[in-house]
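Residue-level structure breakdown
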Amino acid sequence: MVSATYSLLPLLSLVASIVANPLYVPPALHIPLSRRSTHHNASVERFALHADHLRAKYGWSKSNSTLSKRQGKTVGLSIIDQGRDNSYIGTVSIGTPPQNFKVVLDTGSSDLWVASTDCLSCGQTPPFDPSKSSTLQAITSASGSQQTVRIRYGSGQVAGVLASDTVTMAGFTVNPQTLVVVEQMTDGLLDGDVSGIMGLAFEALASTDATPFWQALVNNNQFASPELSFWLARHLDDDNPPAESFGGVMTLGGTNSSLFTGDVEFIPLTTAPTSSSPPTFWMLELTGATVQGKSVSLPTGSAALSAIDTGTTLVGGPTEGVEAIYNAIPGSQPVPDMEGFFQYPCSTNVQVTLAFGGKSWPISAADMNLGRISQNMCVGGIFDLTLGSDVSGGGGNPTWVVGDTFLKNVYSVFRANPPSVGFAELSDAAGGSSGSPSSPSSTVSPSGVSASGVSPVPSVSSPVFDSSLLSTIVGHSTTLTGTPTSIPGAATITEGIPPPSGSSGSNSPSNAAAALFPANTQAVFTALAVSFLTSVLSGYALLA
């Protein structure tokens, strides 16, 4: 007995030493996401403004105005759900010493920008203070002139100076990283304590012509695998959720196998990138859809190009495709005064799947139902993106924008090499998917399989459209992150124009709120702890 005890002491000492002083970087850490949340009785009509801004973002505006434009590791980042599935937010540190900010995580754009203390029009947005960073460098032209940048969005614009500084997210650092230090911003472009946008698409789409943060990490071999992965949590059907909720996990440099089941189905980007034509959007081709278990006919070719966009709340598409989906839902009809939106009886449990060349992936009925617009009618989460536009298809612009209405139902993986997007079924720890994906030749049962925690959509319990919150979804950059119409180089970069002067405002950087882990996420960490203890006991048995 004494001998066994002394045999155990060195092992325990070794374990304690490893815990206190890790000798290597663990293969996988994961970052919970957070999402801004509004009341469940939030206005359904607010989505109409969201649709208008999304049309502008992707070049489907009614007007013809041009928008400006591996020896690594795997780390998970908690993200925040703000606006009841309106936005997914992460935290980033900028400067030396680091100043912490909340930013929209947007796979539909490629620039990084934050509001600064010189911005008089940024309201209560927590600002970056350039004077407090010893590593900030202005980016100048060949003539030595400071470069100012103006980027226009559907809901407004930002303007500021082009600079570089040390940027860190989830333990990954890029130094120097190009960003826009914003000094002018349209009122309401950001909401709450969000300070900017972290673009997660490709360099060729960047308005500033800069390499995006994530792509710089790939180029520097800081990622164990050239991938970004997302589990986006759902709070759309929660009763009275807090302003900010646990929003899921973004994993940089790989995937989190505890958050999905089965294999990840990777689909190559629609246009194979070359040196002369690098990738821009995370673009796939929408190859099929079913409604209530029956296939519907969708447009093909350029009318099927689909941007997979975490920075977009809904799913938007061309007139022909959207009408085909709602024509398959009995009792559906256009919503008056909400151009491009459709309503259907709230008692209908709408089952929609989308396919991108492989399996058909179900959308939860809860995500399809945005809320009641009348006593018996509810608004659908798929809207007409191109309605009334004088912009023709093609030219690199997607005609479908596949946002969080779809992405909450899958584990999504954005892979740089080979360029592709992957989908997998959510695990029970991630709340489960709304149904099992079907093969391309299969149909989906109208009854489907309910997601964990997602109930049917009876007319008496559907949320109400509250027009008083109409601006909520458009006020912040989640739903309109400013992807330029022209590709690339859409931003206006003017040399020698002095930035606007103004007071410094608040000098206190925003501290990211700690993400709260739900019970199912705690189960993941409990499983990891049990696995670790099992390894320790196995080692002891071998030594004994």
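Residues numbered from 1 in each chain as written. Predicted model: local features only at pLDDT ≥ 70, side-chain atom pairs only at ≥ 80, totals over all residues. Heavy atoms only, no water.

Observations concerning the overall build of the protein
Spelled out, the test is: We count a stretch as a helix when DSSP gives it H or I for four or more residues in a row; a strand needs E for two or more, and each element gets its number in order from the N terminus. In this scheme, a residue with accessible area under 20% of its type's maximum is buried, one over 50% is exposed, and one in between is partly exposed, where area comes from a 1.4 Å probe on protein chains only.
Along its length, the protein carries eight helices and 29 strands. Counting across all 544 residues of the protein, residues that qualify as buried make up 55%.

Quick word on unusual backbone geometry
In this model, Asn175 is joined to Pro176 through a cis peptide bond whose omega is 5°. Position of Pro176 relative to the elements: it lies in strand 9 (residues 172–185). Cis geometry marks the peptide bond from Asn417 to Pro418, where omega comes out at -5°. Its location among the elements puts Pro418 in the loop between strand 27 (411–415) and strand 28 (420–426). In this model, Asn221 sits at a positive phi of 60°, which is unusual for a non-glycine residue. Within the secondary structure, Asn221 sits in the loop between helix 3 (213–219) and strand 11 (227–232). When its relative accessible area of 37% is taken as the criterion, Asn221 is described as partly exposed. Unusually for a residue other than glycine, Asp337 sits at a positive phi of about 70°. Examined against the element boundaries, Asp337 turns out to sit in the loop between strand 19 (333–334) and strand 20 (342–345). Of the residues examined, Asp337 reaches a relative accessible area of 81% and is grouped as exposed.

Focus: the pattern of salt bridges
Going by this rule: One speaks of a salt bridge when a side-chain nitrogen belonging to Lys or Arg is within 4 Å of a carboxyl oxygen belonging to Asp or Glu.
One pass over the full model with this rule turns up five salt bridges. Between Lys102 and Glu244 there is a salt bridge; the shortest N-O distance is 2.8 Å. Linking Lys102 in strand 4 (residues 99–106) with Glu244 in strand 12 (residues 244–252), this pair joins segments that are 142 residues apart in sequence. Judged by its relative accessible area of 1%, Lys102 is buried. For Glu244, a relative accessible area of 25% corresponds to the partly exposed category. Between Asp367 and Lys408 there is a salt bridge, with its nearest N and O atoms 2.8 Å apart.

Focus on the sheet that holds strand 22 (residues 360–363)
Our working rule: At least two DSSP bridges between two strands are required for those strands to pair. A fitted line through C-alpha atoms represents every axis, and for helices the fit uses only the stretch in contact; the resulting angles, taken between N-to-C directions, go from 0 to 180 degrees.
Ordered by their spatial adjacency, four strands build an open sheet running 16-15-21-22, and the pairing between neighbours is antiparallel. The open sheet has two edge strands, strand 16 (294–296) and strand 22, and neither has a second partner. Within this sheet the neighbouring strands show an average axis-to-axis angle of 30°, counted without direction. In this sheet, strand 22 lies alongside strand 21 (residues 352–355) in antiparallel orientation, the contact comprising four bridges.

Structural notes on the nonpolar core
Put simply, the rule reads: As used in this record, nonpolar core signifies buried Ala, Val, Leu, Ile, Met, Phe, Trp, Tyr and Cys residues forming a set joined through side-chain atoms within 4.5 Å. Any pair of residues with heavy atoms lying within 4.5 Å of one another is described as a contacting pair.
Counting 74 residues, the largest nonpolar core has Phe356, Phe406 and Phe423 as its most contacted members. Sorting elements by how many residues they give to this core places helix 3 first, with five residues. For Phe406, the contacting residues outside a window of four places in its chain are Val315, Leu354, Phe356, Trp361, Ile363 and Phe423. Judged by nonpolar contacts, the second largest core, of 18 residues, contains Ile151, Val180, Val182 and Met185.

Let's talk about the packing of aromatic side chains
To keep it simple, the criterion reads: For Phe, Tyr and Trp, where Trp contributes only its six-membered ring, two rings pair if their centres lie within 6.5 Å, and the inter-plane angle classes them as stacked under 30 degrees, edge-to-face over 60, or tilted in between. When the NZ atom of lysine or the CZ atom of arginine is within 6 Å of a ring's centre and also within 35 degrees of its normal, the charge is said to sit over that ring.
Summed over all chains, the structure comprises 15 aromatic pairs. The interplanar angle of 90° and the centroid separation of 5.8 Å between the aromatic rings of Phe230 and Phe414 together place this pair among those described as edge-to-face. In this pair, Phe230 is assigned in strand 11 and Phe414 in strand 27, connecting sequence segments 184 residues apart. Assigned by exposure class, Phe230 and Phe414 land together as buried. Here the guanidinium or amino end of Lys73 rests over the ring plane of Phe172, the centre of that ring lying 5.1 Å away. In this structure, Arg415 packs its charged tip against the face of Phe266, placed 3.7 Å from the ring centre.

Digging into the confidence of the model for the protein
Our working definition: The pLDDT value tells you how sure the predictor is about a given residue, anywhere from 0 up to 100.
When pLDDT is averaged along the protein, the result is 75, and 64% of the positions lie at 70 or above. Segment residues 2–29: pLDDT under 50, and 16 contacts once partners within four positions in sequence are set aside and those in other chains are kept. A low-confidence stretch, residues 35–41 stays under pLDDT 50, and its non-local contacts, those more than four residues away or across chains, total 59 contacts.

Topic: the state of the cysteines
Just so we agree on the cut-off: When two cysteine sulfur atoms lie within 2.5 Å, the pair is treated as a disulfide.
According to the stated counting rule, one finds two disulfides in the structure shown. What pairs with Cys119 in a disulfide is Cys122, and their sulfur atoms sit 1.9 Å apart. Residues Cys119 and Cys122 are joined by a disulfide whose S-S torsion is about 85°; by sign, that bridge is right-handed. Note on accessibility: Cys119 and Cys122 belong to one class, buried. Between the sulfur of Cys346 and that of Cys378 lies a disulfide, 2.1 Å long from S to S. Between Cys346 and Cys378, the S-S torsion sits near 105°, and that sign places the bridge as right-handed. Remark: Cys378 occurs in strand 24 (residues 377–380) and Cys346 occurs in the loop between strand 20 and strand 21; sequence separation between them is 32 residues. Neither residue differs from the other here; Cys346 and Cys378 are each classed as buried. Taken in sequence order, the bonded cysteines of the protein link in the pattern 1-2, 3-4.

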